[in-house]
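Report on the structure
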Amino acid sequence: MSKTLLVFRREFAGYFATPLATVFLVVFLAVSAGMTFFVANFFDRGQADMNAFFLWHPWLYLVLMPAIGMRLWAEERRSGTIELLMTLPVRPWQLVVGKWLAAWAFAGLALALSAPLWITVNYLGSPDNGVILACYIGSWLMAGSFLAISACVSALTKNQVLAFIGAVVAGFVFVMAGFDLVLAAVRPWAPDIVVQAIASMSFIGHFQRITDGVLEVPALVFFISLIVFALWLNVQALDARKAA
Amino acid sequence: MVLVETRALVKRFGAFTAVDGISFKVERGEVVGFLGPNGAGKSTTMKVIAGFLEPTEGSAYVAGHDSQLDPVAARQRLGYLPEGAPAYPDMTVGAFLEFVAAMRGLSKPTTRERLGELVERIDLAEVWGRRIEALSKGFKRRVGIAQALVHDPDVLILDEPTDGLDPNQKHEMRELIRTLAPNKAIVVSTHILEEVEAICTRAIIIARGKLMADSTPAEILARAPARDPAIQQLVRTTPLEDAFRHITLESAGS
């Protein structure tokens, strides 16, 4: 079996070895349902769609994805198992991808458990299921981006709390990138092209285009390339620690 | 046949030099005891040979493969027990060893055969299905050894394999190392001097990152300073301890 897959399997099982998995899944479902029904007023909207559910995902993931990703490398470093793992005859990228895939699959499981809401919407009306599918794919890719960032930050420290905070801060920058709060701080001194580049990094902007109903190719490309880049950075972070 | 070699190995952490120009070779059939006070650079040297750390200068070879330039081939031939025998606490002993075997590319039948042999040899049957976090220190260390032996490597680097074991377990571990010795090159770090006499064909003493001695235990013994019969020893020391103290304290200039 491929080494990446072996790492994936061990890591995925690792989530369920402690109550972490259950706690996470319950919190994810409770908070996302709470947001959908009480904050976004799912029923009062009177529309057969799931926008009230997906609307909050960037903010929800901002906190929850670092919680899944923080342990990926920090825990290995703290317990010393990283020394074992990094002296096996494997390439660092195989470890990096395997670990990230496990976290991403776990996030996918959480997302899949929201299916009752989708069934409810279909029972109450006739939503555009193509749009809903696009939203699910977009949301999962965005989760993957948050996780790739979290894994990368986790490789820099053996302290899981630091890894969590670092990942939230990094994620916050990406979530807020399109907002005036961030852009106003950059605009006075940076050339226009930089401001536009930062604005185009916005998670919310890209995700919104997907939830608007089109699986927009640029938005997909954005999330996928961000994942690839963060994982590449993760490999570099591991290499840098070797020479330190 | 030289299976482990370091050439003018230097490892610096910032301004601190942990390993300072260490060169040695280990051939098949040798068991080399790696001795030195705490913080002398033993573990760091082993980490560099295993390819976990990158040397600042110089290079390390495992079975002829540079551990930095050709890491996968070098690690294929290497069994490594890191300091403290780390293992995934949430896994069972069986699942952990099977994971390591699979990561080393062993087929299912080979894995079953090798693990069956090791379980008997290292006495792991009673804890096979137990989670590693629930193991005693002795069993944890044995799992670490099993993990290093699963692919029957030519080279074994064992960082304090007997640390934390009781006298009986220590004895068993030494016997195991002895029986493995003829077909492998083994480097064992320790600060238990009797261990060197018991199992090593050669001893390397390092202090403050520098190689202070590299010879047979008997030759090192000969470097023990003559005892002054007029001085009554408060704590009785063995001649080997005297030699060790003499060699390592010499480097400190005292």
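Being a predicted model, the structure only gives us computed values, none of them experimental.

Section: unusual backbone geometry
Residues and elements named next belong to chain B. Even without being a glycine, Ala8 presents a positive backbone phi close to 45°. Within the fold, Ala8 resides in strand 1 (residues 2-13). With a phi angle near 45°, Ala85 is a residue other than glycine that sits in the positive phi range. If you trace the backbone, Ala85 turns up in the loop between strand 6 (78-81) and helix 3 (93-103).

Quick word on the pattern of salt bridges
Applying the stated criterion across every chain yields a total of 20 salt bridges over all chains. Between Arg10 of chain A and Asp90 of chain B there is a salt bridge; the shortest N-O distance is 4.0 Å. Linking Arg10 of chain A in helix 1 (residues 3-16) with Asp90 of chain B in the loop between strand 6 and helix 3, this pair reaches from one chain into another. Like Arg10 of chain A, the residue Asp90 of chain B is buried in the burial classification.

Comments concerning the confidence of the model for chain A
Per-residue confidence for chain A gives a mean pLDDT of 89, with 99% of residues at or over 70. Ranking the helices and strands of chain A by mean pLDDT puts helix 8 (residues 92-112) of chain A first, with 96, and helix 3 (residues 42-45) of chain A last, with 75.

Quick notes on the nonpolar core
Counting residues in each nonpolar core, the largest one holds 153 residues, and the members touching the most others are Phe203 of chain A together with Phe96 of chain B. The biggest single contributor to this core is helix 10 (residues 129-154) of chain A, with 13 residues. Counting only domains with at least three residues in this core, you end up with domain 1 (2-77 + 154-251) and domain 2 (89-152) of chain B. Leaving out residues up to four positions away in the same chain, Phe96 of chain B has contacts with Leu84 of chain A together with Pro86, Ala87, Tyr88, Met91, Ile132, Val143 and Gln147 of chain B.

Quick notes on the domain arrangement of chain B
Residue and element names in this part refer to chain B. By domain assignment, chain B separates into domain 1 (2-77 + 154-251) and domain 2 (89-152). Taking only C-alpha atoms, the centre of domain 1 and the centre of domain 2 are 26 Å apart. Counting residues at the interface gives 18 residues for domain 1 and 12 residues for domain 2. If you sort the residues of domain 1 by the area they bury against domain 2, Gln76, Met173 and Leu176 come out on top, with a joint share of 28%.

Looking at the packing of aromatic side chains
This model, assessed by the stated rule, comprises 22 aromatic pairs over all chains. Aromatic side chains Phe53 of chain A and Tyr136 of chain A sit 6.4 Å apart centroid to centroid with 50° between the ring planes, which places their arrangement in the tilted category. Taken together, the positions of Phe53 of chain A in helix 4 (residues 51-54) and Tyr136 of chain A in helix 10 put the pair 83 residues apart, joining distant regions of the chain. Assessed through its relative accessible area of 2%, Phe53 of chain A is described here as buried. Residues Tyr88 of chain B and Phe99 of chain B carry aromatic rings whose centres are separated by 6.3 Å and whose planes lie at 75° to one another, so their mutual orientation is edge-to-face. In this pair, Tyr88 of chain B sits in the loop between strand 6 and helix 3 while Phe99 of chain B sits in helix 3, placing the two residues 11 residues apart along the sequence. Phe99 of chain B shares its class with Tyr88 of chain B; the two are buried.

Rules of the game
- Residues take numbers from 1 onward in each chain, read along the sequence in its written order.
- Chains and ligands are labelled sequentially in the order written, the chains with letters from A and the ligands with numbers from 1.
- In keeping with the model being predicted, local features are shown solely for residues with a pLDDT of at least 70 and side-chain atom pairs are shown and tallied solely at 80 or more, while totals for entire chains, interfaces and linings include all residues.
- Side-chain calculation: all heavy atoms of the structure are included, whereas hydrogens and water are not.
- Secondary structure counts use DSSP, requiring at least four H or I residues in a row for a helix and at least two E residues in a row for a strand, with both numbered from the N terminus.
- One side-chain nitrogen of Lys or Arg within 4 Å of one carboxyl oxygen of Asp or Glu is enough to make a salt bridge.
- Relative accessibility decides the category of a residue: with a 1.4 Å probe and only protein chains considered, values under 20% of the type maximum give buried, values over 50% give exposed, and everything between is partly exposed.
- Summary of the metric used: pLDDT quantifies the predictor's per-residue confidence within the range 0 to 100.
- For our purposes a nonpolar core is just a set of buried Ala, Val, Leu, Ile, Met, Phe, Trp, Tyr and Cys residues, chained together by side-chain atoms within 4.5 Å.
- Source of the domain bounds: an automatic or database domain assignment.
- Any pair of residues with heavy atoms lying within 4.5 Å of one another is described as a contacting pair.
- As used here, buried area is the combined drop in accessible area, with a 1.4 Å probe, of two parts when they are placed together.
- Any pair of Phe, Tyr and Trp rings, taking the six-membered ring for Trp, is counted once the centres come within 6.5 Å. Such a pair is stacked with planes under 30 degrees apart, edge-to-face with planes over 60 apart, and tilted for the rest.

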